[in-house]
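Summary of structural features
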Amino acid sequence: MILIHRDYLEFKNKFISYLLLWFSIPMLLYLCLTVPLSSYIDQVNLMNYKYWSLPGIWICSSCLMSFLYSFVKLKTLASNEEYLNRYLKSPISNGQILSSLLISSILAGLFQLICSIVTTSSLSGLVITTSQAPIILFNILILLIFFSTVGLFCAFYFHDHIFSTILSLIILIFLMFGCGTFLPVNEFPNNFLILIANFPIYGLIYNVQLSYQYSRIIISPIVVATIINISMFIIVLIISYKKFRK
């Protein structure tokens, strides 16, 4: 697709900048969160906290990258009427435009995931096995689709730079401290734990942690999250026709 090719050309021109960003984010999360929290949390499920928190770094960095990529790209496209009209007057449909942005943001998240795994493996000396990798990748992929779609949705309503920054911070804080990525769920209040336990995003994150600890994963969050992803994309597509083709 044209948009994917355009993103590829942009990535090619900014390869070094993207690479530095992809390696910097997991390193900062490890140094600013994992290392300080390891002084207060010794073990989680009989695993050293520094090792237990590694999936949290992969999830936070890759999901944040997918969210920001789709959010910024669509917001930029929507704010440039001349550029947008060029696409709208072409045979390209709204579905193709949004699908291209979704695919590009997922790919950006996957590259971030790979760089995060490489970085944390270098810092901790612990690597994932070939039996763990497919399950971890599959669950994180569903998370990337979710946050990419959320980014597309938010791009229609958050145009101001201040509100966009606040939104990005809220997403980051939610990922770091609201889903059991860096803080084990047994540290949460019971009422909050009951609330997030039924949230499929938490279930996917928990699946990654279970796979990382060689335990059996739970299927239901995968099914529910997939249905939510499809429903959200349809909603975003309907909104796009109201926003783009008035």
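Data block above holds the structure.
Residues numbered from 1 in each chain as written. Predicted model: local features only at pLDDT ≥ 70, side-chain atom pairs only at ≥ 80, totals over all residues. Heavy atoms only, no water.

Scanning the protein from terminus to terminus reveals eleven helices and two strands. When the elements of the protein are put in sequence order from the N terminus, they spell out α-α-β-β-α-α-α-α-α-α-α-α-α. Its C-alpha atoms give the protein a radius of gyration of 19 Å, near enough to 18 Å, the size a compact globule of 246 residues would have. Referenced to the eigenvectors of the C-alpha coordinate spread, the extents of the protein come out at roughly 60 × 40 × 35 Å. Across the 246 residues of the protein, 48% fall into the buried class. Residue pairs in contact within the protein that sit at least 24 positions apart in sequence constitute 81% of those at least 6 positions apart. Accessible area of the protein: about 12600 Å², with a carbon and sulfur share of 70%. Side-chain charges of the protein comprise 13 positive and 7 negative groups, with the mean position of each set lying 9 Å from the other. (Helix = DSSP H or I, 4+ residues; strand = E, 2+ residues; numbered from the N terminus. Rg over C-alpha atoms; globule rule 2.2 N^0.38 Å. Buried < 20%, exposed > 50% of the residue type's maximum accessible area, 1.4 Å probe, protein only. Contact = heavy atoms within 4.5 Å. Areas by Shrake-Rupley, 256 points an atom, 1.4 Å probe, with all protein chains shown as cover. Lys, Arg positive; Asp, Glu negative; His and termini not counted. Charge placed at Lys NZ, Arg CZ, Asp CG, Glu CD.)

In this structure, the second largest pocket encloses a volume near 210 Å³. Taken together, I4, D7, Y8, F11, Y18, W22, Y69, S104, L107, A108 and F111 make up the full set of residues lining the second largest pocket. Where the lining of the second largest pocket is concerned, the elements lending two or more residues are α1 (2-13), α2 (15-37) and α6 (94-124). (1 Å grid on protein atoms, 1.4 Å probe; cavity = no way out; pocket = protein on both sides within 12 Å on 5 of 7 lines; lining within 4 Å. Points joined across faces, edges and corners; volume = space filled by probe spheres on them.)

Phi at Y214 is positive, roughly 60 degrees, even though this residue is not glycine. Along the chain, Y214 turns up in the loop between α10 (200-212) and α11 (220-244). Look at Y214 and you get exposed, because its relative accessible area is 59%.

Right, let's talk about α11 for a bit. What sets the pattern is the α-helix's 3.6 residues per turn: residues three or four places apart point alike. The first and last C-alpha atoms of α11 sit 36 Å apart over 25 residues, in line with the 36 Å expected at 1.5 Å per residue. Those residues of α11 lying buried are P221, I222, A225, N229, M232, F233, V236, I239, S240 and F244. (Expected span 1.5 Å × (residues − 1).)

Counting 65 residues, the largest nonpolar core has L74, F147 and F182 as its most contacted members. If you tally residues by element for this core, the top one is helix α4 (residues 54-79), at 13 residues. If we ignore the near neighbours within four places in the chain, the residues touching F182 are L29, L33, T34, L37, I41, Y49, W52, S53, G56, I57, C60 and M176. (Core = buried A, V, L, I, M, F, W, Y, C linked by side-chain atoms within 4.5 Å.)

Let us look at the packing of α4 against α6. In a pair of packed helices, the angle between the axes and the distance between the axes together describe the arrangement. Remark: α4 packs on α6, axes separated minimally by 8 Å, with the N-to-C direction vectors making an angle of 150 degrees. Considering their axes alone, α4 and α6 lie roughly antiparallel with respect to each other. Relative to α6, α4 is oriented so that their crossing is right-handed. By residue class, the composition of the contact of α4 with α6 is 14 nonpolar, eleven polar and one charged. (Axes fitted to C-alpha atoms, helices over the stretch in contact; angles between N-to-C directions. Parallel < 35°, antiparallel > 145°, perpendicular 65-115°, else oblique. Left-handed = near helix turned anticlockwise from the far one by under 90°. Nonpolar A, V, L, I, M, F, W, Y, C, P; charged D, E, K, R; others polar.)

Moving on to the state of the cysteines. Evaluation of the coordinates by the stated rule reveals zero disulfides. C115 carries a free sulfur, and the closest cysteine sulfur to it, the one in C63, is 15 Å from it. No disulfide involves C179; its sulfur sits 8.0 Å from that of C60, the nearest cysteine. For C179, a relative accessible area of 1% puts it in the buried group. (Disulfide = S-S within 2.5 Å.)

Here the focus is the environment of I162. Note that I162 resides in helix α8 (residues 161-177). For the pair I162 and G151, spaced eleven residues apart in sequence, the C-alpha separation works out to 16 Å.

Next up on the list: the environment of L167. Within the secondary structure layout, L167 lies in helix α8. In the structure, L167 is positioned eleven residues away from F156 in sequence and 13 Å away in space, judged by C-alpha atoms. If sequence neighbours within four positions are ignored, L167 has contacts with F67, F71, C154 and F158.

Time to look at the side chain of S148. Checked against the element boundaries, S148 lands in helix α7 (residues 133-155). Judged by relative accessible area, S148 falls into the buried class, the value being 0%. The residues contacting S148, other than those within four sequence positions of it, are S66, S70, L102, S105 and I106.

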